[in-house]
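# Topology and contacts: notes
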Amino acid sequence: MKNRQNALTAALTGLSPAVWGSTYLVTTELLPPDRPLLATTVRALPGGLFLLALGRKLPVGIWWWRALVLGVLNIGAFNFLLFVAAYRLPGGIAGVILSAQPMAVVVLAALLVGERIRPVHALACAMGTGGVVLLVFKGTASLDTVGVLAAVGGALCMASGITLTKRWGRPEGVSLLTSTGWQLTAGGLVLLPFWLSLEDLPDALTGSNAIGFAYLITLGSVLSYIVWFRGIERLPAVAVSFLALGSPVVATLLGYLVKDQTLSALQIVGMAVILLAVVLGQPKPPGPKSPARCWSLRTRPLQSPRGLHTCRRVGSTPPNQPQGRTN
């Protein structure tokens, strides 16, 4: 039963990276061009404020800075660094570097959460990165130092955010919707000054722009992050980190289906390798329970008339035999 619940939770949580994989298509097809910070800020801040208004509860005490840290790691800094890496690193290099974040989660979860490192985790990490290489890397590309640092920073932000969200959880009496609102609002507020200082407002918004922003706020932010943080609560941090590898798979499939991009045999192999890595990274199913044993030094197993094993003390009267009689 527990294994089935974990599988269902993993499948539901995996929908969030799938939705995030569609963000590139929505951004390029529906949003104003060359406005990455606008897209990221609008994606986080309105949804966060909506959840805050819905929950009507602000952080208290230590949770002020915890919500800020989690909002920066999971949303603000991660999305900012992700866009910087994507703009400065061609050929899918950013995706390859970001795919290494499960390696960081394996280490951080062992140190901060106490999750055990299993040999299969190393295999799954290697397969995940290798699958992303087959999926998105195209030829040789020059490496920009700022882009590489941004991609590494994004991977570390995501890994740290997953692990600390698992370690800290949420305050007693605070709903998942409210805690998600805290993080989205904090992440959006951190992004706001960067957007206002680095980008101009678009001259006008079209109907397509409105549809794109509505998609990012609802599915791409509020609903997907609620599901994502729910998964972190219920699954090991390492298992959740591997689910994030589904984003490049969905992005590639949407490019093939919607934008008529080619899909090579190597890319199909890469998808299969990624999916196998995700499966290997999930919790190990519990083994069969061993039969009950009698551990007392003064007891030994006894076969009852119904074929059930019971225990009796050595030298005591066997069941169903009156006291004082001997065989």
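Here, the structure is the one placed above.
The following refers to the structure shown. (Residues numbered from 1 in each chain as written. Predicted model: local features only at pLDDT ≥ 70, side-chain atom pairs only at ≥ 80, totals over all residues. Heavy atoms only, no water.)

## Digging into the layout of surface pockets
The test is simple: Cavity means a closed set of points on a 1 Å grid over the protein atoms alone, one where a 1.4 Å probe fits but cannot get out, pocket means an open set with protein on both sides within 12 Å along at least 5 of 7 lines, and lining means a residue has an atom within 4 Å of a point. Grid points are joined across faces, edges and corners, and a volume is the space filled by probe spheres set on the points. Amino acid classes used here: Ala, Val, Leu, Ile, Met, Phe, Trp, Tyr, Cys and Pro are nonpolar; Asp, Glu, Lys and Arg are charged; the rest, including Gly, are polar.
Empty space within the second largest pocket amounts to approximately 250 Å³. Around the second largest pocket, the lining comprises 14 residues; the ones closest to its centre are Gly14, Leu243, Gly246, Leu275 and Val278. Split into classes, the residues belonging to the lining of the second largest pocket amount to eleven nonpolar, three polar and no charged.

## What to know about the pattern of salt bridges
Just so we agree on the cut-off: Salt bridges, as used here, are contacts in which a Lys or Arg side-chain nitrogen is within 4 Å of a carboxyl oxygen on Asp or Glu. Numbered from the N terminus, helices here are DSSP runs of H or I no shorter than four residues, and strands are runs of E no shorter than two. Note on exposure labels: buried denotes an accessible area under 20% of the residue type's maximum, exposed denotes more than 50%, and partly exposed covers the range between, all computed with a 1.4 Å probe on protein chains only.
Across all of its chains, the model carries two salt bridges by this definition. The closest approach of N and O atoms between Lys259 and Glu29, which form a salt bridge, is 3.4 Å. Remark: Glu29 occurs in helix H3 (residues 23–30) and Lys259 occurs in the loop between helix H13 (246–258) and helix H14 (265–280); sequence separation between them is 230 residues. In this structure, Glu233 and Arg170 form a salt bridge, with 2.4 Å as the shortest nitrogen-oxygen distance. With Glu233 in helix H11 (residues 207–234) and Arg170 in the loop between helix H9 (145–168) and helix H10 (176–198), this residue pair connects regions lying 63 residues apart in the sequence. For Glu233, a relative accessible area of 32% gives the class partly exposed.

## Things to note about the packing of aromatic side chains
The following threshold applies: Two rings belonging to Phe, Tyr or Trp (six-membered ring only in the last case) form a pair when the distance between their centres is within 6.5 Å. Interplanar angles under 30 degrees mark stacking, angles over 60 mark edge-to-face geometry, and anything in between is tilted.
A complete count under the given rule lists six aromatic pairs for this structure. With a centroid separation of 5.2 Å and 65 degrees between ring planes, the pair formed by Trp20 and Trp228 is classed as edge-to-face. Residue Trp20 is found in helix H2 (residues 15–21), and its partner Trp228 is found in helix H11; the two are separated by 208 residues along the sequence. In this pair, the class of Trp20 matches that of Trp228, namely buried.

## A few points about empty space enclosed by the protein
Counted by the stated rule, this structure contains two cavities of 30 Å³ or more. Empty space within the largest cavity amounts to approximately 100 Å³. In terms of lining, the largest cavity is formed by Trp63, Ala67, Leu70, Thr165, Gly169, Arg170, Leu176, Ser179, Trp182, Gln183, Phe229 and Glu233. Of all the elements in the fold, those that place two or more residues in the lining of the largest cavity are helix H5 (63–88), H10 and H11. Top element by residues in the lining of the largest cavity is H10. It accounts for four residues. Lining the second largest cavity we find Thr23, Ala39, Thr40, Arg43, Asn79, Phe83 and Leu216. A per-element tally of the lining of the second largest cavity places helix H4 (residues 36–55) first, with three residues.

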